[in-house]
Amino acid sequence: MSNGNGMAPGQVVKVLIGVVVFLVVAIWLLAKLATSGFNVDAEVMTKEAVAARLKPVGESVASDAPPGMRNGEQVFKGICISCHGTGLAGSPKFGDAGAWAPRIAKGFDTLVQHALGGFNAMPAKGGAADLSDDEVKRAVAYMANAGGAKFTEPKVGGEGGAALDPNVAGKKIFDSVCTACHSTGAAGAPKFGDKAAWAPRLKPGLDEVVKIATKGLNAMPPKGGFTGSDEEFKAAVEYMVNNSK
Ligand code: HEC
Ligand code: HEC
């Protein structure tokens, strides 16, 4: 009595038992792997997993500065620190000159490119898509400098602190700070776009209006509560004024 494979029934049974035992052991091992944390390292290292874990951090950057206005230190402490603070996932650790030297040797532009676009396990913009390119540049300079580089951190508000574009810098500040009162007219604030409300205020000229608003006026707090530079505040006033006359 033999089947088509030339095996006796007894042998077939033994082979079948062997297969079943093998499967049971394999499933048990897989289950153990899945629940015991053996696979944590592999999971931690994937770009997606790391980025996903950090997403909430990137979305709630703790800083007083309005969007686009954070300096390198603020961006680092809000975003990059989650990996670079400890060297997570093989990232060059903050302040570790040995880890940073070969990176710095690539030059500022390359590092910025990698920080903006991503590089292996380094996600684009550290996973915080809301960072402006300049904010990322500042953070790269800040981190690299702490690791021994002598890069110039791009100034908040553009090259050399030159006059800021009201439609860019000014709008950002308006949207994050001034809008609270000036969009609604709260507390008697002249409303954005309300020519009649603004005309009498603008008579003394822009510089005088900026001066008054910087000091504060009745229910208008000094600088409207904005904590950034005078240039930035002026850009916000200009943005509001340009759109209200
Ligand atoms: C999710 C973790 C993570 C976050 C968050 C993160 N990085 Fe990285 N970063 C890495 C890793 C990992 C590397 C190393 C990549 C490699 O060399 O393979 C790296 C490398 C870099 C490098 C060196 C690139 C090069 O060419 O050698 C720069 C610059 C950098 N990061 C900037 C930043 C900045 C700026 C931020 C914050 C805006 C940031 N990183 C946030 C993980 C992170
Ligand atoms: C808490 C509410 C509030 C916020 C926030 C606020 N303002 Fe005002 N602002 C006012 C009020 C109220 C007035 C009118 C004060 C008055 O005339 O008694 C005013 C007036 C002004 C004026 C006119 C000053 C003048 O000479 O008549 C300017 C300019 C101005 N605000 C700019 C800003 C800017 C720029 C921001 C954002 C950075 C801002 N404000 C944020 C309440 C606010």
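Look above for the structure.
Calculation rules
- Residues numbered from 1 in each chain as written.
- Chains lettered and ligands numbered in written order.
- Predicted model: local features only at pLDDT ≥ 70, side-chain atom pairs only at ≥ 80, totals over all residues.
- Heavy atoms only, no water.
- Donors = N, O, S within 2.8 Å, 3.2 Å for Na, K, Ca; no water.
- Tetrahedral: all angles 85-135°; square planar, octahedral: opposite > 155°, others 65-115°.
- Helix = DSSP H or I, 4+ residues; strand = E, 2+ residues; numbered from the N terminus.
- Buried < 20%, exposed > 50% of the residue type's maximum accessible area, 1.4 Å probe, protein only.
- Salt bridge = Lys/Arg side-chain N within 4 Å of Asp/Glu carboxyl O.
- Near = heavy atom within 4 Å.
- Polar contact = N/O pair within 3.5 Å; in protein donor to acceptor, adjacent residues only side chain to side chain.
- Contact = heavy atoms within 4.5 Å.
- Expected span 1.5 Å × (residues − 1).
- Nonpolar A, V, L, I, M, F, W, Y, C, P; charged D, E, K, R; others polar.

A.B. asks: Help me understand the coordination of the iron atom of ligand 1, please; the structure alone is not making it clear to me.
C.D. replies: Ideal geometry at a metal gives 109.5 degrees between four tetrahedral donors and either 90 or 180 degrees between six octahedral ones. Surrounding the iron atom of ligand 1 are the protein donor atoms His84 (NE2) and Met122 (SD), at 2.0 Å. Around the iron atom of ligand 1, the 6 donor atoms sit at angles spanning 87 to 179°, and that spread fits a shape best called octahedral. Of this pair, His84 sits in helix H4 (residues 72-84) while Met122 is found in the loop between helix H6 (108-117) and helix H7 (133-146), placing the two residues 38 residues apart along the sequence. In this structure His84 comes out as buried when scored by relative accessible area, which is 7%.

A.B. asks: Sorry if this is basic, but what is going on with unusual backbone geometry here?
C.D. replies: Glycine aside, residues mostly have negative phi angles, and peptide bonds mostly take the trans form. The phi angle at Asn120 is positive, at roughly 50°, despite the residue not being glycine. For Lys223, which is not a glycine, the phi torsion comes out positive at approximately 55°. With respect to the helices, strands and loops of the structure, Lys223 is situated in the loop between helix H10 (206-215) and helix H11 (230-242).

A.B. asks: Looking at this model, I keep getting lost on the coordination of the iron atom of ligand 2. Mind explaining?
C.D. replies: On the protein side, the iron atom of ligand 2 has His182 (NE2) and Met220 (SD) as donor atoms, found 2.0 Å from it. What the 6 donor atoms of the iron atom of ligand 2 show is an angle range of 87 to 180° at the metal, which sorts the shape as octahedral. A residue pair is termed long-range when its members are at least 10 positions apart, and His182 in helix H8 (residues 166-182) and Met220 in the loop between H10 and H11 qualify at 38 residues. The buried category is assigned to His182, whose relative accessible area is 9%. The class for Met220 is partly exposed, based on a relative accessible area of 21%.

A.B. asks: Mind showing me how you'd approach the pattern of salt bridges here?
C.D. replies: Side chains that differ in sign of charge can pair as their charged atoms come close. Here the structure, examined in full by the defined rule, presents 7 salt bridges. For Lys125, the salt bridge is made with Asp133, and the minimal N-O distance between the two is 3.0 Å. The exposure class assigned to Asp133 is partly exposed, which follows from its relative accessible area of 41%. A salt bridge links Lys171 to Asp175, with the shortest nitrogen-to-oxygen separation between them at 2.7 Å. Remark: Asp175 and Lys171 occur in helix H8; sequence separation between them is 4 residues, near one turn of the helix. Judged by relative accessible area, which is 34%, Lys171 ranks as partly exposed.

A.B. asks: I keep staring at the site of ligand 1 and nothing clicks. Help me out?
C.D. replies: As a structural note, the neighbourhood of ligand 1 is formed by 28 residues, with Cys80, Cys83, His84, His114 and Met122 the closest of them. Here His114 contributes a side-chain N or O atom positioned 2.5 Å from an oxygen atom of ligand 1. Of all the secondary structure elements, the ones that give two or more residues to the shell around ligand 1 are helix H3 (47-59), H4, H6 and H7. For the shell around ligand 1, the leading source of residues is H4, giving 6 residues.

A.B. asks: In this structure, what is going on with the environment of Val136? I would like to understand it.
C.D. replies: With respect to the helices, strands and loops of the structure, Val136 is situated in helix H7. On a C-alpha basis, the gap between Val136 and Ala115 in space is 7.0 Å, while along the polypeptide they are 21 residues apart. Beyond its immediate sequence surroundings of up to four residues, Val136 is in contact with Ala115, Leu116, Lys125 and Leu131.

A.B. asks: What am I meant to see in H4 here?
C.D. replies: With 13 residues, H4 extends just 13 Å between its outermost C-alpha atoms, more than 12% less than the 18 Å of an ideal straight helix rising 1.5 Å per residue. Gly72, Val75, Phe76, Gly78, Ile79, Cys80, Cys83 and His84 are the residues of H4 that are buried. Taking the backbone nitrogen of Glu73 as reference, a side-chain oxygen 3.1 Å away marks Asn71 as the first, capping residue of H4.

A.B. asks: Is there a simple way to think about the site of ligand 2 in this case?
C.D. replies: Lining the immediate environment of ligand 2, one finds 25 residues, of which Cys178, Cys181, His182, Asn218 and Met220 sit closest. In this structure, Arg201 approaches ligand 2 through a side-chain N or O atom, which is 2.7 Å from an oxygen atom. At the level of elements, H8, helix H9 (195-202), H10 and H11 are the ones that each hand at least two residues to the shell around ligand 2. A per-class count over the shell around ligand 2 returns 19 nonpolar, 4 polar and 2 charged.

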